[in-house]
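Fold and contact review
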Amino acid sequence: MGRSTGMPTIVRAGRRRRGTAAAIALLAAASVLIWYIEKPAPQSASAGPRGIPVTAGQAEARNVPVELEGLGTVQAFNTVSVKSRVDGQITKVLFQEGQEVKAGDPLFQIDPRPFQATLQQAQANKQKDEAQLHSAQLDLARYQKLAPTGFSTRQQLDQQTGLVGQLQGAVNADQAQIESAQLNLDYALIRSPIEGRTGRRMVDIGNVVQTAQNAPLVSITQLRPIFVSFTVPAERLDRIRANQAKAPLTVIAYGMDDKTKLAEGKLTLIDNQVDETTGTIRLKAQFANDDEPLWPGEFVNAHLILAIRENAVTVPAQTVMQGPNGPYVFVLDANDAAHQRPVTVASTQDGFAVIEKGLAAGDRVVVDGQYRLTDGSKVKIDEAQQNVARTAAQ
């Protein structure tokens, strides 16, 4: 009875031990297989570590302008709203909208007939008064001869003298009326007062214009030369005035993208007071504008050239990184290893950073790809990208 009770227990225990051993063996085999599959391929002893691909460049010495930048507005050199000086009906329009005109070119013709009639009437009145004056002068000459003989009284002589003077005054008044009528007749042909470009026509043929309405007929703007008005911080005023006293300062106008150069001119005005609300000073520059790259009302970026920094060390702007201790660049040694070097940036303009301290002309630097680098990293220079970067810099 004791034998029959112990044997099943022993059989079951043996089976459990054999199952556990098989599971352990299976796990061990799987681990070895996984390690074999995932292990890295062996490197040859001659193959070194792979470098991080970067684009390299070189610090260069160049003459860099010291600039002040400000947002500017283009202003016409002269702007005139042409208005009529006489009343009348417009019978002719003698220009095309947007046409270039010179001073004195005809623009509008107002019906001249009323003014011609007034002129002819004034001329007729003068002829009549001149005839009366001539007759009175002859009578005065006779009285002057007869007065000494007693055939003419002194009173008659004085009266005739007064009549001659009165008629002379009438003739002079008639001449003034003639000149006034001639002036109105001239005003009937409206001419351009300046050289420039016409704008939109405000009135058409057949309309009656009146001086009391003071309505403009067309506007004319002078585009050559032209002004750009802009503002800069007032704390730069002393330096601007000092440099302007030595020689006229150059101003370069760029498009709103701040890359497209439009024109180059000279500073002509430093305003006589600082704007207290904004802390800025208004400046004005004059441009020849021969090819008309500047247009009145256009917004531009004005760059005032204060001085030229000669032989300044420059690198592409993206070369400079910002770290917790300030700006730095990665400099490459002879073995193409990148080393972090702190620098002092004087200014950044036109896509270049001017390095005041930390670099010398000719130093090799990392231009692109430096975000993956650490101090001492081995790099692999991308020649294709380097050629592209060199071409863009040139």
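Our subject is the structure listed above.
This section reports on the structure supplied with the text.

What counts and how
Residues numbered from 1 in each chain as written. Predicted model: local features only at pLDDT ≥ 70, side-chain atom pairs only at ≥ 80, totals over all residues. Heavy atoms only, no water. Axes fitted to C-alpha atoms, helices over the stretch in contact; angles between N-to-C directions. Helix = DSSP H or I, 4+ residues; strand = E, 2+ residues; numbered from the N terminus. Parallel < 35°, antiparallel > 145°, perpendicular 65-115°, else oblique. Left-handed = near helix turned anticlockwise from the far one by under 90°. Nonpolar A, V, L, I, M, F, W, Y, C, P; charged D, E, K, R; others polar. Salt bridge = Lys/Arg side-chain N within 4 Å of Asp/Glu carboxyl O. Buried < 20%, exposed > 50% of the residue type's maximum accessible area, 1.4 Å probe, protein only. Core = buried A, V, L, I, M, F, W, Y, C linked by side-chain atoms within 4.5 Å. Contact = heavy atoms within 4.5 Å. Arc of directions from axis to C-beta. Pairing = 2+ DSSP bridges.

For the pair helix α2 (residues 113-146) and helix α3 (residues 154-187), the least separation of the axes is 8 Å and the interaxial angle reads 160°. Of the possible angle classes, the one that applies to α2 and α3 is roughly antiparallel. Crossing of α2 against α3: the hand is left-handed. Looking at the contact of α2 with α3 residue by residue, the classes come out as 16 nonpolar, 15 polar and five charged.

A few words now on the pattern of salt bridges. Applying the stated criterion to the full structure yields 13 salt bridges. For D139, the salt bridge identified is with R142, shortest N-O distance 2.7 Å. Residue D139 and its partner R142 are located together in helix α2, separated by three residues, close to a single helical turn. By relative accessible area, which is 28% here, D139 ends up partly exposed. Three or more residues joined by partner-sharing salt bridges are found here, namely E100, R197, R224 and E292.

It is worth spelling out the nonpolar core at this point. One finds F230, I240, F287, L294 and L304 to be the most contacted residues of the largest nonpolar core, which totals 23 residues. Elements represented by at least two residues in this core include exactly β2 (60-82), β9 (218-233), α4 (237-246), β10 (250-254), β11 (261-270), β12 (280-287) and β13 (299-316). For this core, the leading source of residues is β9, giving five residues. In contact with I240, not counting residues within four places along its chain, are L68, V232, L249, L267, I270, L283, L304 and L306. The next biggest cluster of nonpolar side chains, apart from the first, holds 22 residues, and it includes I90, L107, I110 and I194.

Every buried residue of α4 is accounted for by L237, I240 and N243. Buried residues of α4, viewed axially, fall in a sector of 135°; they line one side. Turned more than 90 degrees from where α4 packs its buried face, D238, R241, A245 and K246 sit exposed. On its buried side, α4 packs onto β2, β9, β11, β12 and β13.

What follows covers the environment of M321. In this fold, M321 is placed in strand β14 (residues 321-323). Through-space distance from the C-alpha of M321 to that of Q340 is 9.8 Å; in sequence the pair is 19 residues apart. In contact with M321, other than residues within four places in its own chain, are G326, P327, Y328, Q370 and Y371.

Attention now moves to the sheet that holds strand β5 (residues 106-110). By definition, the strands of a sheet pair up through backbone hydrogen bonds, in either a parallel or an antiparallel sense. Pairing is antiparallel across the open sheet formed by four strands, whose spatial order is β6-β5-β3-β8. What marks the edges here is a single partner per strand, and that holds for β6 (189-191) and β8 (208-209). Pairing analysis gives two bridges linking strand β3 (residues 88-93) to β8, with the strands arranged antiparallel. Residue pairing for β8: G88 is matched across the bridge by V209.

Where β10 lies against β11, five bridges are found, and the strand directions are antiparallel. Paired with I252 across the bridge in β11 is E264. In this antiparallel pair of consecutive strands, β10 and β11, the connection spans six residues, and D258 shows a positive phi of 60°. In this sheet, β12 lies alongside β11 in antiparallel orientation, the contact comprising four bridges. When the sheet's bridge partners are listed, L269 is paired in β12 with K284.

That's the geometry; what it means functionally is another story.
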